[in-house]
Structure formats: C-alpha cells, structure tokens
Amino acid sequence: MKKVDLLDLKILQIITMDARVPFKDVAEACGVSRAAIHQRVLRLTEAGVITGSGYNVFAKQIGYSTCTYVGIKLERGSMYKEVAAELEKIREIVECHFTTGPYTMLVKLYCRDNEHLMELLNNHIQEIPGVVSTETLISLEQSFARQVPVVLPSKEGTLSSRKMKALMERMNAEGVIVDDPEETSESLLNRG
C-alpha cells in the first residue's frame, strides 16, 4: 500500500470517532465525493489500516461482571505462538499480548464472576503446556477506552474546512497521527 496521506488521515479521524457517520458527511467534511470516501475506506481496509468495524458490547450488560488481566509466565519465550494458539480457544479471552517485563504474555478476559475466573485459570489457562505461572489483576472499573488518536499535521490542521471543524465539534472527539509535514493539503487532495 502506498503511504497514508492527508485525505486518509482526515477520513480516519472522522470514522474513528463515529464509525456510523454517513460517507456523505465524511465526503462533505473532506471536500471530496462519496465515491472517493468509499474507495479510500475500502483501500484502507484491504491494506489493514482499518482492522474492523462494528458495535462494542458492554460486557457487564450481558453477564460478564469481572474484567481481568492475567500475566502469564512461560517456560520459554519461544513457546509464545503455541500458547497463544491455545489461549485463542478460550472464548472469554479478548486480547493476548507477547510482552516484556515480568510476564511473557498478558491477556485480558471477561468472566461472569470470581468462580468462573477460577475455573478458567485452574482448568484452562494453567493447564496449557508451557505455562509456568499466572498472576491475576482484576479491574475494579474501566475509566475509559478509546481508539488510537488520529491527528492531522499541525500546519495542515489550520487549513481544515469549516465543515470539517463543525463535524468534529458535533462528534465531540479528538485524535492524533502525523503525516509528512512537507506535503500540503492541496497536493495530497489532488492526488486522491
């Protein structure tokens, strides 16, 4: 994929704040056609820049009252891929990371209650070959969650149209990514 340009960043800035915003509104804010937005989003998706879209489910509302992070120590770090494949089979695990620091891996999972957590730890996670030990951290409350910020280069941000600013204000969000500051918004938009 070619480099992400300023138009791509503008699109990402808008759709990461509200994935349901109509493409016509994105097009208006960016000063291009609806078809251009559709093509750009498709290209960004195919390139892996956009990795998904959909709705987020509030786990507590469907019975998962315990959010837990589990630090996992392995016999050898080289066992990571095999252990990750086994952890992926546990549906309650929603994230898995290969880490530096005191743990080889860190997973995030949701449980109905502490008994469910204990069952997952004792009968699933700790039974995986290569797992030496686990340490559990229960989240008492999630203060916030957000997407990676997308920000236009500062000199380009001052050139944003009033329509884009109005849309951004309406969505009441903020964002951050830096592109090549040597390119102007006009040259990037003309390329798209």
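What you see is a predicted model; the values in this text were computed from it and never measured.

Chemist: Give a description of the pattern of salt bridges that names residues and reports values.
Modeler: Using the criterion set out here, one finds 6 salt bridges in the structure. Two residues, Lys24 and Asp25, come together in a salt bridge whose shortest N-O distance is 3.1 Å. On the basis of relative accessibility, which here comes to 15%, the residue Asp25 falls in the buried class. Sharing partners across several salt bridges, the network here consists of Asp5, Asp8, Arg40 and Arg43.

Chemist: Tell me about the nonpolar core, and name the residues and values.
Modeler: Grouped together as the largest cluster of nonpolar side chains are 20 residues, with contacts concentrated most on Ile72, Leu74, Val83, Leu87, Met105, Leu109 and Ile125. Among the elements of the structure, β1 (66-74), α4 (80-87), β3 (105-111) and α5 (114-123) are those that each provide at least two residues to this core. When sequence neighbours within four positions are dropped, the list of residues in contact with Leu109 reads Thr66, Cys67, Thr68, Val70, Glu92, Ile93, Val94, Leu117, Leu120 and Ile125. Counting residues in each nonpolar core, the second largest holds 18 residues, with Leu7, Ile15, Ala27 and Ala29 among its members.

Chemist: So, the state of the cysteines: which residues are in play, and what are the values?
Modeler: Taken as a whole and judged by the stated rule, the model has 0 disulfides. The cysteine Cys67 is free of any disulfide, with Cys111 supplying the nearest cysteine sulfur at 9.0 Å.

Chemist: Describe the sheet that holds β3, listing the residues and the values that go with them.
Modeler: A sheet is described by the order of its strands in space; here 4 strands give the open sequence β2-β3-β1-β4, paired in antiparallel fashion. The strands lining the two open edges of the sheet, one partner per strand, are β2 (93-98) and β4 (131-139). Along the sheet, successive strands turn relative to each other by an average axial angle of 20 degrees, direction set aside. Bridge analysis of β1 against β4 gives 8 bridges, and the strand direction is antiparallel. Pairing of Val70 across the sheet is with Thr136, part of β4. Its contacts with the sheet place α4 against β1, β2, β3 and β4, and it is angled at close to 175 degrees to β2. Contacts from α5 reach β1, β3 and β4, with the element oriented near 140 degrees to β3.

Chemist: Tell me about helix α2 (residues 23-30), residues and numbers included.
Modeler: Among all positions in α2, only Asp25, Val26, Ala27, Ala29 and Cys30 are buried. Once α2 finishes, Gly31 follows within two positions and takes phi at roughly 75 degrees, a positive value.

Chemist: Which residues make up the packing of aromatic side chains, and what are the values?
Modeler: Applying the stated criterion across every chain, the model contains 1 aromatic pair. Considering the side-chain rings of Tyr80 and Phe98, the 4.3 Å spacing of their centres and the 20 degrees angle between planes classify their relative orientation as stacked. Taken together, the residues Tyr80 in helix α4 and Phe98 in strand β2 connect sequence positions 18 residues apart.

Criteria and cut-off values
Residues numbered from 1 in each chain as written. Predicted model: local features only at pLDDT ≥ 70, side-chain atom pairs only at ≥ 80, totals over all residues. Heavy atoms only, no water. Salt bridge = Lys/Arg side-chain N within 4 Å of Asp/Glu carboxyl O. Buried < 20%, exposed > 50% of the residue type's maximum accessible area, 1.4 Å probe, protein only. Core = buried A, V, L, I, M, F, W, Y, C linked by side-chain atoms within 4.5 Å. Helix = DSSP H or I, 4+ residues; strand = E, 2+ residues; numbered from the N terminus. Contact = heavy atoms within 4.5 Å. Disulfide = S-S within 2.5 Å. Pairing = 2+ DSSP bridges. Axes fitted to C-alpha atoms, helices over the stretch in contact; angles between N-to-C directions. Phe/Tyr/Trp six-rings, centres within 6.5 Å; stacked < 30°, edge-to-face > 60°.

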